Amino acid sequence: MPHSLTDKQVLKIAVLGAAGGIGQSFSMLLKTQLHTLLLPHSDKHLHVAMYDINKDAIVGTVADLSHIDTPVTLSHHFPASRDDLSALKECLADAALIVIPAGVPRKPGMTRDDLFAINAKILLQLSDGIASFCDLSKIFVLVISNPVNSLVPVMIKRLSQHASSKGSLIERRVFGLTQLDMVRASTFIQQLTGFASNATPYIPVVGGHSGDTIIPMFSQVMFKDERLPLDMEQRKSLIHRVQYGGDEIVKAKNGAGSATLSMAYAAFKITRKFVDLLLGNATSLQDTLYISLKDASGNYIAPGAQELMALINVSYFSIPVTVSTKGVTHVDSEILNRMDDYERNTLLPVCLKNLQGNIETGLNFVN
Ligand code: NAD
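Residues numbered from 1 in each chain as written. Predicted model: local features only at pLDDT ≥ 70, side-chain atom pairs only at ≥ 80, totals over all residues. Heavy atoms only, no water.

Novice: How would you sum up the side chain of serine 292? Please name residues and give values.
Specialist: Its place among the elements puts serine 292 in strand S11 (residues 285–292). Of note is the side chain of serine 292, whose polar atom sits 2.7 Å from the backbone oxygen of lysine 294. With residues up to four places along the chain from it excluded, the contact list for serine 292 reads Ile156, Ile301, Ser315 and Tyr316. (Helix = DSSP H or I, 4+ residues; strand = E, 2+ residues; numbered from the N terminus. Polar contact = N/O pair within 3.5 Å; in protein donor to acceptor, adjacent residues only side chain to side chain. Contact = heavy atoms within 4.5 Å.)

Here it is in structure tokens:
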């Protein structure tokens with residue numbers, strides 16, 4: 001007897017800003033790929049709730065995607081007026097994972113920080129909605145909106161001000177997505193060297209997600225168990241391209257926005273790991289995420305966070321972590337000890353100085 005939908009447990013993923021460039025292509029990946037994570041005869045069902053303030057765009061996008069023949073179901077949600085919270089409430093009700101690409105993207109000549117004032121207000125509103133309508137002791141939040149370096153502190157600080165966050169350890173479950181930097185590092189090294197055409201090289205990228213706060217650790221690139229020899233000129237040009245790769249897209253789109261398709265791909269890579277975790281297919285996931293090292297009481301969020309803080313002395317950083325259903329369980333501070341002299345003495349100090357400013361901008365925005 002086939003299961004009916006009502007027999008099944010629903011795993012709900014909410015996408016906020018789902019009708020935009022990233023939101024549409026990301027939601028298409030969710031609709032077309034997510035069900036492949038369900039085990040045979042699973043009693044689980046996947047639902048994607050798509051929220052946007054642009055009514056026509058969200059209704060049209062969901063109508064279009066809903067003709068795709070996969071078992072992942074969709075719903076659209078838009079507010080009827082500026083003060084209407086009912087659509088956000090409906091979208092967030094019982095969600096286990098929230099992905100946020102809401103906001104404005106860069107235009108030529110804008111830095112990610114120029115976006116801050118606009119997008120910080122949006123993230124504050126969404127944080128208040130999440131605090132009101134979600135169980136903060138369980139929910140996971142992935143922030144795509146830029147500038148990630150400042151907006152994740154905005155969101156975590158605002159969430160932790162809500163009474164509903166007390167004892168929830170929400171700081172362990174809100175992350176900034178820096179996956180696109182790793183995707184770019186991997187792509188650009190293949191383009192430059194033509195190496196490993198059948199394998200995707202993994203390059204650790206740590207720090208932040210803006211210009212020279214991004215530290216691609218090309219010293220760690222392995223090929224056939226050996227370090228890939230790169231001369232310093234090649235390395236510097238690769239590092240610059242990863243740090244400012246977003247500008248290539250902004251320029252190429254000539255005013256029509258920033259990276260959307262590659263970002264949707266990068267966001268999907270990590271989202272599918274969270275869905276695997278939440279479906280119970282895995283007990284933990286490992287990836288690089290932009291995290292808060294401390295919770296609202298000043299305690300380190302997980303083993304490894306204190307050791308990392310001792311090395312960097314900033315309170316937010318993108319770093320390989322292990323995540324269970326309870327949130328971050330381990331921070332891989334060791335990776336910084338694997339930096340070579342150039343990464344440690346040249347790239348890291350510049351990153352930390354700028355990242356500190358970005359974090360303060362975010363924290364100071366929230367009263
Ligand atoms: P977009 O303008 O195409 O889409 C943004 C969507 O957000 C729009 O549909 C808009 O209606 C919606 N929106 C605005 N305010 C909202 C609100 N209060 N609630 C719900 N929805 C709201 O932009 P995009 O190209 O999809 O980019 C989205 C964000 O992602 C930008 O901030 C961009 O800079 C950022 N981005 C991040 C990365 C990364 O690596 N983390 C990469 C590329 C872009």
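Next comes the rest of the account.
Novice: Hey, could you go over the site of the ligand for me, with residue numbers and the actual values?
Specialist: Neighbouring residues of the ligand: 29 residues in total, closest Gly21, Ile22, Asp52, Ile144 and His209. Within the backbone of isoleucine 22, a nitrogen or oxygen atom sits 2.8 Å from an oxygen atom of the ligand. Considered on its own, the ligand offers 870 Å² of accessible surface; in the complex 89% of this is hidden by protein. Going through the elements one at a time, helix H1 (21–33) and helix H4 (116–133) are the ones with two or more residues in the shell around the ligand. Classifying every residue of the shell around the ligand gives 16 nonpolar, twelve polar and one charged. (Near = heavy atom within 4 Å. Areas by Shrake-Rupley, 256 points an atom, 1.4 Å probe, with all protein chains shown as cover. Nonpolar A, V, L, I, M, F, W, Y, C, P; charged D, E, K, R; others polar.)

Novice: An account of helix H2 (residues 55–65) is needed here, citing residue identities and associated values.
Specialist: Of all the positions in H2, only Ile58, Thr61, Val62 and Leu65 are classed as buried. All buried residues of H2 project into a common sector of 95 degrees when viewed along the axis, lining one side. Opposite the buried face of H2, by more than 90 degrees, sit the exposed residues Asp56 and Asp64. Looking at the buried side of H2, the elements it contacts are H1, strand S2 (44–51) and strand S3 (73–77). (Buried < 20%, exposed > 50% of the residue type's maximum accessible area, 1.4 Å probe, protein only. Arc of directions from axis to C-beta.)

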